[in-house]
Amino acid sequence: MPPTPAQRRSAGPGPLVRHVGPLPLLALSLLAVPASFAVTGWAAGAAGLAAQLLCLPLVVERWRALPRRLLPGAVGALSVGWSAWLLGEPGGGDPLTAALTAALRLAVLVLPGALLLAWLEPGEAGDHLAQRLHLPGRVVVAVVAALGQLSVLADAWDQLAASRRARGLGPGRGPLSRGRWLASTAFGLLVDAVRRAGRVSTAMDARGAAGRGRRTWALPAPWRRADTACLLAGAAVLAVPLLVTLLGAPA
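Note that the coordinates shown come from a computational prediction; the quantities given were computed from them, not determined experimentally.

Student: Just checking my understanding: could you explain the overall build of the protein for this structure?
Tutor: When you go through the protein residue by residue, the secondary structure sums to 12 helices and 0 strands. Secondary structure of the protein in N-to-C order comes out as α-α-α-α-α-α-α-α-α-α-α-α. Its C-alpha atoms give the protein principal-axis dimensions of about 65 × 55 × 35 Å. Counting only residues that meet the buried cut, the protein has 31% of its 251 residues in that class. Counting only contacts in the protein whose residues sit at least 6 apart along the sequence, the fraction spanning at least 24 positions is 80%. Carbon and sulfur atoms make up 67% of the accessible area of the protein, which totals about 15,500 Å². Within the protein, the 11 negative side-chain charges are centred at a point lying 6 Å from the centre of the 25 positive side-chain charges.

This is the structure:
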């Protein structure tokens, strides 16, 4: 039997998170939601974000790709903070503090998922969801298929953009022309995704994925000590905003 994704990941060099299975990664990404609710002031948000940033050496493999991965979350946090500053109610407190709190709340929410889910392998996640959490097999297979299709969207975009340029439909130099080109390319990507979904659905039906009854799974889904350690340590890091709030930090 060929090595499993977990065995290949653990055998190679990289940060400590490579030894962790998919369930702790999913759990910590979901626990970031209540952690963000605990950010009631700028101090709690800053402490929570600092605690997460200190864990970067444990989860980041390629530092050069880190800015690109964090860019959407950073843009979202800045835009939320900017909106909170502009739309703050007069007399409702310091608008700058409210904007900083809103931006930090979103950063605390987004950062764990942006870093941890990069280590998630769809097939391995499906094995663990079905065997450890005992989720319905049809649901698990559908989720795995959807996650697998997400990984090819970037390649599909590159191929679609290259084919449009080859036909002389590349973007112009002006911002309006580039906007029209992005919109048309995105529409083409949507059409390709719908067609791809139809093909995947037909292939899954042909392989009996829609059938009822007991399903078997090819690979084991063990829970290891590294999973427990990661879950406990990650939960402690995500509890920092709540701890700071309970200690009465300034809002």
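Student: Help me understand helix α7 (residues 122–131) in this model?
Tutor: An α-helical turn contains 3.6 residues, so a residue and the one three or four places further along point in the same direction. The buried count for α7 comes to 7 of 10 residues, which makes it a mostly enclosed element. For α7, the full list of buried residues reads E124, A125, G126, D127, H128, L129 and A130. The N-cap of α7, judged by a side-chain oxygen 3.1 Å from the amide nitrogen of G123 a few residues on, is E121.

Student: Could you clarify how one ought to interpret the state of the cysteines in this entry?
Tutor: As used in these notes, a disulfide is a covalent bond between sulfur atoms, one from each of two cysteines. Applying the stated criterion to the full structure yields 0 disulfides. Left without a disulfide partner, C55 is nearest to the cysteine sulfur of C230, which lies 9.5 Å away. A relative accessible area of 16% places C230 in the buried class.

Rules behind the numbers
- Residues numbered from 1 in each chain as written.
- Predicted model: local features only at pLDDT ≥ 70, side-chain atom pairs only at ≥ 80, totals over all residues.
- Heavy atoms only, no water.
- Helix = DSSP H or I, 4+ residues; strand = E, 2+ residues; numbered from the N terminus.
- Buried < 20%, exposed > 50% of the residue type's maximum accessible area, 1.4 Å probe, protein only.
- Contact = heavy atoms within 4.5 Å.
- Areas by Shrake-Rupley, 256 points an atom, 1.4 Å probe, with all protein chains shown as cover.
- Lys, Arg positive; Asp, Glu negative; His and termini not counted.
- Charge placed at Lys NZ, Arg CZ, Asp CG, Glu CD.
- Polar contact = N/O pair within 3.5 Å; in protein donor to acceptor, adjacent residues only side chain to side chain.
- Disulfide = S-S within 2.5 Å.

All quantities given are derived from atomic positions and should not be read as evidence of function.
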